Amino acid sequence: MAAHQKRDNRRFTDPVLRIGIFHDSYETIDWSLGGVMVGNYVGELKANNRFQITFTVASAKAGAAYYAAQVRVIRVDPRKRTLSLKFEKLAQGAFDFLSGLQLQQARKRAL
């Protein structure tokens, strides 16, 4: 039986984010102000690796603004092909972008 994990940030599945990791692009399974989980990941990253990602809304048109964040690998699941990343350093602009997406989702649910 899996242990219960307390999360500090609410997770969202919509909108899907496009995450740039080195020269590859992935889409999120879910995301929060604390980090992201990407799907279809097959690679060499290991727990505690630190690096920079870029992200935007997956449905964004060419030329859309991308945001950057320093992340740390929390978990790699080769069987499920998922990669869980924690934001270590999130610039104010990137934080504002994600906060705005969360607000949009809250408004949709309220309608």
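Treat the numbers as computed from the prediction; the structure is a model and nothing was measured.

Calculation rules
- Residues numbered from 1 in each chain as written.
- Predicted model: local features only at pLDDT ≥ 70, side-chain atom pairs only at ≥ 80, totals over all residues.
- Heavy atoms only, no water.
- Pairing = 2+ DSSP bridges.
- Helix = DSSP H or I, 4+ residues; strand = E, 2+ residues; numbered from the N terminus.
- Phe/Tyr/Trp six-rings, centres within 6.5 Å; stacked < 30°, edge-to-face > 60°.
- Buried < 20%, exposed > 50% of the residue type's maximum accessible area, 1.4 Å probe, protein only.
- Polar contact = N/O pair within 3.5 Å; in protein donor to acceptor, adjacent residues only side chain to side chain.
- pLDDT = per-residue confidence, 0-100.
- Core = buried A, V, L, I, M, F, W, Y, C linked by side-chain atoms within 4.5 Å.
- Contact = heavy atoms within 4.5 Å.
- Axes fitted to C-alpha atoms, helices over the stretch in contact; angles between N-to-C directions.
- Salt bridge = Lys/Arg side-chain N within 4 Å of Asp/Glu carboxyl O.

Q: How do you make sense of the pairing of strand β4 (residues 50-57) when you look at a structure like this?
A: Sheet faces and side chains relate simply in a regular strand, where the side chains alternate between the two faces. Where strand β1 (residues 17-21) lies against β4, five bridges are found, and the strand directions are antiparallel. Paired with G20 across the bridge in β4 is T54.

Q: Can you help me understand the packing of aromatic side chains in this one?
A: How two aromatic rings sit relative to each other is set out by the distance from centre to centre and by the angle between their planes. Going through the model one piece at a time under the given rule, you end up with seven aromatic pairs. Both rings, one in F22 and one in F51, keep their centres 5.2 Å apart while their planes meet at 35°; by these two values the pair is tilted. Here the residue F22 occupies a position in the loop between β1 and β2 (24-31), and F51 occupies one in strand β4, the gap between them amounting to 29 residues. With relative accessibility at 58%, the residue F22 sits in the exposed group. Ring geometry for F55 versus Y67: centroids 6.0 Å apart, planes at 35°, classification tilted. Linking F55 in strand β4 with Y67 in strand β5 (residues 67-77), this pair joins segments that are twelve residues apart in sequence. Here a set of aromatic residues connected by ring pairs shows up, and it is made of F55, Y67, F87 and F97.

Q: I tried to follow the side chain of D77 on my own but got confused; where do I start?
A: Relative to the helices and strands, D77 resides in strand β5. In this structure the side chain of D77 is engaged in a polar contact, spanning 3.0 Å, whose partner is the backbone nitrogen of R79.

Q: Even after reading the chapter, I still don't get the confidence of the model for the protein chain, so can you show me in this structure?
A: The predicted coordinates should not be examined in detail at positions where pLDDT is low. Looking at the protein chain as a whole, the pLDDT averages 91, with 92% of positions reaching at least 70. The least confident element of the protein chain is helix α1 (residues 92-110), whose mean pLDDT is 89; the most confident is strand β3 (residues 35-38), at 98.

Q: I tried to follow the nonpolar core on my own but got confused; where do I start?
A: Burial of nonpolar side chains together is a common tendency in soluble globular proteins. Among the nonpolar cores identified, the biggest contains 24 residues, and I21, I53, F55 and L85 are the most heavily contacted of them. Listed by contribution, the elements that provide at least two residues to this core are β1, β2, β3, β4, β5, β6 (82-90) and α1. Ignoring sequence-local partners within four residues, the contact set of L85 consists of I21, G34, G35, V36, F51, I53, V71, R72, V73 and I74.

Q: Just checking my understanding: could you explain the sheet that holds β4 for this structure?
A: If you walk around this closed barrel you meet the six strands as β1-β2-β3-β6-β5-β4, and the pairing is antiparallel. For this sheet, the mean angle separating the axes of adjacent strands, direction not counted, is 45°. In this sheet, β6 lies alongside β3 in antiparallel orientation, the contact comprising four bridges. If you follow V36 over to β6, its bridge partner there is L85.

Q: What is the right way to look at the pattern of salt bridges in this model?
A: Tallied over the full model, the rule gives three salt bridges. D30 is the salt-bridge partner of R11, the closest N and O atoms lying 2.9 Å from each other. One end of the pair, R11, is in the segment before β1; the other, D30, is in strand β2, and 19 residues separate them in sequence. Residue R11 is classed as partly exposed on the basis of its relative accessible area of 33%. Its relative accessible area of 14% is what places D30 among the buried residues. Here R50 makes a salt bridge to E88, at a shortest N to O gap of 3.2 Å. In this pair, R50 is assigned in strand β4 and E88 in strand β6, connecting sequence segments 38 residues apart. Under the relative-accessibility criterion, E88 is labelled partly exposed at 37%. By sharing partners, the salt bridges in this structure join R50, R72 and E88 into a single network.

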